[in-house]
Amino acid sequence: MDIYNLEYNTEREKLIIPEYGRHLQKMINQAIEIEDAEERNKVAKAIIAVMGNLQPHLRDVPDFQHKLWDQLFIISNFKLDVEAPYPILTKEKLEERPEPLKYPQNFPKYRFYGNNIKRMIDVANSWEDGDLKTALTFTIANHMKKCYLNWNKDTVEDYVIFNHLYELSDGKIDLKGSTEDLSTSTDLMRGKKKKYHSTTNKKNNNYRNRGKKRY
């Protein structure tokens, strides 16, 4: 073996998509040089089959074949002139910057309730008066109370929640004169406490079992 003529990866052509390896990139480079269009298309389809076998985890991905064809053109540096069953990906299309997403710029006064509460209130405002709307408004109020307790571990009186609900609904939902009470703070936070005690008991059990023989 001639050690003076060894070829190092640092001296080779850079792999465009390393997951496919150097041999596949060489196959695509050879396909680019094929002059006969029919033969070039035939080789391109064979390369797509090889790429599919190299990426079996992508078979459940929607538009699996479309993805492979896009990758074929990317590896060829967009020099491969073949017919594709999908719109041919161009370099300009690949480098095209997506439009910035429009994030909702909501700055609620009571941020601890979150934006979903406002959406729920808007839905309640759109309903006609009746038992369903009343049930929904009290469900919203109970959820608001739970959110308040998550933010402030102290207790909160129902009238505070009713006032906030009145304000957030622009005066359309008024429970301030209601004789029905919301769920108690203990009931609303009970799920959290159970989870906490469950985790604590599990740790205590692990501590007690430490050092015991297991058969």
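Here the structure is shown first, and the text comes after it.
All figures in this text were calculated on a predicted structure; none of them were measured in a lab. (Residues numbered from 1 in each chain as written. Predicted model: local features only at pLDDT ≥ 70, side-chain atom pairs only at ≥ 80, totals over all residues. Heavy atoms only, no water.)

A. Representation of the side chain of Lys145 in the model. The residue Lys145 is located in helix α6 (residues 131-151) in this model. Leaving out residues up to four positions away in the same chain, Lys145 has contacts with Val156, Asp158, Ile161, Leu182, Ser183, Thr184, Ser185 and Leu188. (Helix = DSSP H or I, 4+ residues; strand = E, 2+ residues; numbered from the N terminus. Contact = heavy atoms within 4.5 Å.)

B. Fine view of helix α2 (residues 37-54). Given a rise of 1.5 Å per residue, 18 residues ought to cover 26 Å, and the 26 Å separating the end C-alpha atoms of α2 matches this to within 8%. Taken together, the buried positions of α2 are occupied by Arg40, Asn41, Ala44, Ile47, Ile48, Met51 and Gly52. Here the buried residues of α2 occupy an arc of 140 degrees about the axis, which is enough to place them on one side. Turned more than 90 degrees away from the buried face of α2 sit Glu38, Lys42 and Asn53, all of them exposed. The inward-facing, buried residues of α2 contact α1 (21-33) and α3 (64-75). (Expected span 1.5 Å × (residues − 1). Buried < 20%, exposed > 50% of the residue type's maximum accessible area, 1.4 Å probe, protein only. Arc of directions from axis to C-beta.)

C. Seen up close, the packing of aromatic side chains. The tally for this structure, following the rule as stated, stands at seven aromatic pairs. Arranged with centres 6.3 Å apart and planes meeting at 35 degrees, the rings of Trp69 and Phe73 form a pair that is tilted. Here Trp69 and its partner Phe73 are both found in helix α3, four residues apart, which amounts to about one turn of the helix. Considered together, Trp69 and Phe73 belong to a single accessibility category, that of buried residues. Taking 6.0 Å as the distance between ring centres and 55 degrees as the angle between the ring planes, the aromatic pair formed by Tyr110 and Phe112 counts as tilted. The exposure class assigned to Tyr110 is buried, which follows from its relative accessible area of 14%. For Phe112, a relative accessible area of 21% corresponds to the partly exposed category. Its guanidinium or amino end placed over the ring of Tyr166, Lys176 lies 3.9 Å from that ring's centre, counting from NZ or CZ. (Phe/Tyr/Trp six-rings, centres within 6.5 Å; stacked < 30°, edge-to-face > 60°. Lys NZ or Arg CZ within 6 Å of the ring centre and 35° of its normal.)

D. Just the nonpolar core, in detail. In terms of nonpolar packing, the biggest core is built from 23 residues, with Tyr113, Ile140, Met144, Ile161 and Leu165 touching the most fellow members. Taken together, the elements giving at least two residues each to this core come down to α5 (115-126), α6, α7 (158-168) and α8 (185-209). Looking at which element gives the most residues to this core, the answer is α6, with eight residues. Setting aside anything within four residues of it in sequence, one finds Ile161 in contact with Tyr113, Ala141, Met144, Lys145, Tyr148, Val156 and Leu182. Residues Leu24, Ile75, Val82 and Leu89 belong to the second largest nonpolar core, which totals 20 residues. (Core = buried A, V, L, I, M, F, W, Y, C linked by side-chain atoms within 4.5 Å.)

E. Inspection of α5 at higher detail. In this model, α5 (12 residues) spans 17 Å end to end at C-alpha, consistent with the 16 Å of a helix rising 1.5 Å per residue. Of the positions making up α5, those classed as buried are Ile117, Ile121 and Ala124. Along α5, the residues classed as buried sweep out an arc of 60 degrees about the axis, all on the same side. For α5, the exposed residues set more than 90 degrees away from the buried face come down to Asn116 and Ser126. Here the buried face of α5 lies against α6 and α7.

F. Local environment of the pattern of salt bridges. Tallying each qualifying case throughout the model produces five salt bridges. Between Lys93 and Glu96 there is a salt bridge, with its nearest N and O atoms 3.9 Å apart. Across the pair, exposure class does not vary: Lys93 and Glu96 are exposed alike. (Salt bridge = Lys/Arg side-chain N within 4 Å of Asp/Glu carboxyl O.)

G. Just a negative patch on the surface, in detail. A contiguous patch of negative charge on the surface is contributed by Glu35, Asp36, Glu38 and Glu39. Examined against the element boundaries, Glu35 turns out to sit in the loop between α1 and α2. (Patch = residues over 30% accessible without salt bridge, like charges linked within 9 Å, V, L, I, M, F, W, Y side chains within 5 Å. Areas by Shrake-Rupley, 256 points an atom, 1.4 Å probe, with all protein chains shown as cover. Lys, Arg positive; Asp, Glu negative; His and termini not counted. Charge placed at Lys NZ, Arg CZ, Asp CG, Glu CD.)

H. The environment of Leu175, seen in detail. Among the structural elements, Leu175 can be located in the loop between α7 and α8. As for Leu175 and Ala141, which are separated by 34 residues in sequence, their C-alpha atoms are 9.1 Å apart. Sequence-distant contacts of Leu175, defined by excluding residues within four places in its chain, comprise Thr137, Phe138, Ala141, Phe162 and Leu165.

Everything listed here is a matter of coordinates, which is why it stays silent on function.
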